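# Descriptive structure summary
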Amino acid sequence: MSLPRTAVAAAATTAALLALASPPAAADELQGPSGGADGTDGRFFLTVSGAQNTWIRGVQLSCPDAGGHHPHATEACTTLHRAKGDPGRVTGAGHQCTREYDPVTATAEGDWNGRPVVWHKTFPNPCALDVATGPVFRF
């Protein structure tokens, strides 16, 4: 039994769109620590804000050249590169924190290797943020 021509055309179109929308997974592994094929990984605007936005601070971070105003840019770029640009995949430091509740929200907006990144998470206190994200939000 053969498929109607429209079904075959629709399947081919869908496959082509999926190939364009998502680059091969191996591409990230082939790019190495110096960044993407064009020499850039990404650019982020990072913010940390206090409970109910009582205060906020932010910096721009550009990788792999460690540009922007981030005080630990090189370490932050290295950490983000290991996490393939996903702040949720970052593994931070393993130190102990107190149990005080002073919530902070971290956000990262920008792009990584041409893919948009919009990430935010609330942590119980600044120490918990540091444990989870290492140098990325250390500003």
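Rules behind the numbers
- Residues numbered from 1 in each chain as written.
- Predicted model: local features only at pLDDT ≥ 70, side-chain atom pairs only at ≥ 80, totals over all residues.
- Heavy atoms only, no water.
- Buried < 20%, exposed > 50% of the residue type's maximum accessible area, 1.4 Å probe, protein only.
- Helix = DSSP H or I, 4+ residues; strand = E, 2+ residues; numbered from the N terminus.
- Contact = heavy atoms within 4.5 Å.
- Phe/Tyr/Trp six-rings, centres within 6.5 Å; stacked < 30°, edge-to-face > 60°.
- Core = buried A, V, L, I, M, F, W, Y, C linked by side-chain atoms within 4.5 Å.
- Pairing = 2+ DSSP bridges.
- Arc of directions from axis to C-beta.
- Lys, Arg positive; Asp, Glu negative; His and termini not counted.
- Salt bridge = Lys/Arg side-chain N within 4 Å of Asp/Glu carboxyl O.
- Polar contact = N/O pair within 3.5 Å; in protein donor to acceptor, adjacent residues only side chain to side chain.
- Axes fitted to C-alpha atoms, helices over the stretch in contact; angles between N-to-C directions.

To continue, consider helix 4 (residues 126-133). Among the residues of helix 4, those classed as buried are Ala128, Leu129, Asp130 and Thr133. Close packing links the buried residues of helix 4 with strand 1 (42-50), helix 3 (73-82), strand 4 (104-112) and strand 5 (115-123). Positioned one or two residues after helix 4, Gly134 has a phi angle of 55°, which is positive.

Moving on, we get to the packing of aromatic side chains. Using the criterion set out here, one finds three aromatic pairs in the structure. With 6.3 Å between their ring centres and 40° between their planes, Phe137 and Phe139 make a pair best called tilted. Summarising the burial analysis for this pair, Phe137 and Phe139 share the class buried. Within the aromatic cluster, the residues linked to one another by ring pairs are Trp119, Phe137 and Phe139.

Moving on, we come to the nonpolar core. Of all hydrophobic cores here, the largest spans 24 residues; its most connected members are Phe44, Leu46, Leu61, Leu80, Phe123, Leu129 and Phe137. Secondary structure elements with two or more residues in this core: strand 1, strand 2 (56-63), helix 3, strand 4, strand 5 and helix 4. With near-sequence residues (within four places) excluded, Leu80 lies in contact with Phe44, Leu61, Gly85, Pro87, Val90, Trp112 and Val136.

What follows deals with the pairing of strand 4. Residues in a regular strand project their side chains so that they alternate between the two faces of the sheet. Bridge count between strand 1 and strand 4: nine bridges; the pairing is antiparallel. Within the sheet, the bridge partner assigned to Phe44 lies in strand 4 and is Gly110. Judged from the nine bridges that link them, strand 4 and strand 5 form a sheet pairing that is antiparallel. When the sheet's bridge partners are listed, Val104 is paired in strand 5 with Phe123. Where strand 4 folds back onto strand 5 in an antiparallel hairpin, the turn is made up of two residues, including Asn113, whose phi is positive at roughly 50°.

So, on to helix 3. Considered for burial, the residues of helix 3 that qualify are Ala73, Ala76, Cys77, Thr79 and Leu80. Taken around the axis of helix 3, the buried residues stretch over an arc of 165°, which confines them to a single face. Turned more than 90 degrees off the buried face of helix 3, the exposed positions are Thr74 and Arg82. The elements touched by buried residues of helix 3 are strand 1, strand 2, strand 4 and helix 4.

With that out of the way, let us pick up the side chain of Asp41. Mapped onto the secondary structure, Asp41 falls in the loop between helix 2 (26-30) and strand 1. Despite its burial, Asp41 remains without a salt bridge, the nearest opposite charge being carried by Arg115 at 8.3 Å. A polar atom in the side chain of Asp41 sits 3.4 Å from the side chain of His81.

Below, the discussion takes up the sheet that holds strand 2. On the basis of which strands lie adjacent, the open sheet formed by five strands has the order 3-2-1-4-5 and antiparallel pairing. The sheet terminates laterally at strand 3 (67-68) and strand 5, the two strands that pair on one side only. Sheet topology note: the strand 1/strand 2 ladder contains eight bridges and is antiparallel. Across the sheet, the residue bridging to Arg43 is Ser62, located in strand 2. Relative to the sheet, helix 3 contacts strand 1, strand 2 and strand 4, its axis offset from that of strand 2 by approximately 70°.

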